[in-house]
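Structure assessment
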There are 2 protein chains.
Amino acid sequence: MSVAFAGVGHQTVTWDRPSSDCPVEVALAAISGRWATLVLRDLMHGPRSFSALRAGLPSLSAKVLTERLESLVAQGLVSCSRSPGFPVRTSYELTSAGLLLRPLLVELHRTGEALLGELADD
Amino acid sequence: MSVAFAGVGHQTVTWDRPSSDCPVEVALAAISGRWATLVLRDLMHGPRSFSALRAGLPSLSAKVLTERLESLVAQGLVSCSRSPGFPVRTSYELTSAGLLLRPLLVELHRTGEALLGELADD
DNA sequence: CAGGATCCTAAAAGATACTG
DNA sequence: CAGTATCTTTTAGGATCCTG
């Protein structure tokens, strides 16, 4: 059921709704939600604690950061380890699956620049 | 202000919120919203009328399709031409800017497949 | 330090009916 | 045909205060 965007060829699949088994939806799920790409970008540079992530994104509330991280962990893209003792320290880190997102983020950035350039010509 | 995701190097930019002048946000805006990628995928195959798009995405209401198309047109990614006379016929078509999204859609699909493969290993 | 619990608002999505 | 109008529901995001 591989849908070839590039090869504009014949294809049998006909989605009638965004279905979660579609690869595109899977990838989209990983990067959607406000701040998601920014959090991922931070994690691309290495493991980060909860507060390190907050410090990097000051206008992001604890609640939303928690949501974003929970989502990423649930999708198997990020793992979380917490130090025993007190106060607790956490370390969020990309899993091998999470690392697969790097080319997508790069492409997102590249495409955005291309759009800015193209639309400036008008 | 080019942010290198790939080159994990030094960078001066520090976003404290998703800003619309960030290329990543620009690209994200183009593909966000439910059904957006599906509509774009249809348009990648050539010009489509309003009802042709609806026919391809049966569970998508006229209202939402209208919203999606308005957004794409507003972003300069799609153009719309309407035939004079009655009944009216429309033709939505990707602009040259809109065509720039193709590699991104391909990458989205590719990444999704990679994720499905990687996560299946667990 | 790293969240959880609540409450609130705004925006997005969907259903339905109607118009140029 | 190609939408618009309206209303209701859902969901995301944010603010604030609290806890292990």
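Residue positions within a chain follow its written sequence, with the count starting from 1. Lettering of chains starts at A and numbering of ligands starts at 1, both following the order in which they are written. Side-chain atom pairs in this predicted model are given and counted only at pLDDT of 80 or more, local residue features only at pLDDT of at least 70, and totals for whole chains, interfaces and linings cover all residues. To obtain the side-chain values, all non-hydrogen atoms of the structure were included, while hydrogens and water were left out.

Going by an unreviewed UniProt entry, chain A carries the name Transcriptional regulator, HxlR family and comes from Lentzea albidocapillata.

**A few points about the protein's contact with DNA strand C**
Taken together, 19 residues are adjacent to DNA strand C, and Ser51(A), Arg82(A), Tyr92(A), Lys63(B) and Arg68(B) come closest. Being near a molecule or strand, for a residue, comes down to having at least one heavy atom within 4 Å of it. Among the atoms of DNA strand C close to the protein, meaning within 4 Å, 70% are from sugar or phosphate groups. Here a polar contact means two N or O atoms within 3.5 Å. Within protein one must be a hydrogen donor candidate and the other an acceptor candidate, and residues neighboring in sequence count only if both atoms are side-chain atoms. For DNA strand C, a phosphate oxygen lies 2.7 Å from a polar atom in the side chain of Arg82(A). Between a base oxygen of DNA strand C and a side-chain N or O atom of Lys63(B), the distance comes to 2.6 Å. Elements supplying a minimum of two residues to the surface near DNA strand C: α3 (50-56), α4 (62-74) and β2 (90-94) of chain A together with α4 (62-74) of chain B. Here the surface near DNA strand C is built from residues that sort into seven nonpolar, five polar and seven charged. Secondary structure elements follow DSSP: runs of H or I no shorter than four residues count as helices, runs of E no shorter than two count as strands, and numbering proceeds from the N terminus. Under this grouping Gly is polar, as are all residues other than the nonpolar Ala, Val, Leu, Ile, Met, Phe, Trp, Tyr, Cys and Pro and the charged Asp, Glu, Lys and Arg.

**Side note on the packing of helix α2 (residues 36-44) of chain B against helix α6 (residues 102-120) of chain B**
All names here are of chain B. Relative orientation of the contacting elements α2 and α6 amounts to 125°, with a least axis distance of 11 Å. Overall, the two elements α2 and α6 adopt an arrangement that is oblique. In this structure, the crossing between α2 and α6 has a hand that is left-handed. Between α2 and α6, the residues in contact are Thr37, Leu40, Arg41 and Met44 and Arg102, Leu105 and Leu108, respectively. Considered class by class, the residues forming the contact of α2 with α6 number four nonpolar, one polar and two charged. For every element, the axis is a line fit to its C-alpha atoms; helices are fit only across the contacting stretch, and the angle between N-to-C directions ranges from 0 to 180 degrees. Orientation is classified from the angle alone, with under 35 degrees giving roughly parallel, over 145 giving roughly antiparallel, 65 to 115 giving roughly perpendicular, and any other angle giving oblique. Note on convention: the crossing is left-handed when the near helix lies turned anticlockwise from the far helix by less than a right angle, right-handed when the turn is clockwise. By definition in these notes, contact holds between two residues if any of their heavy atoms fall within 4.5 Å.

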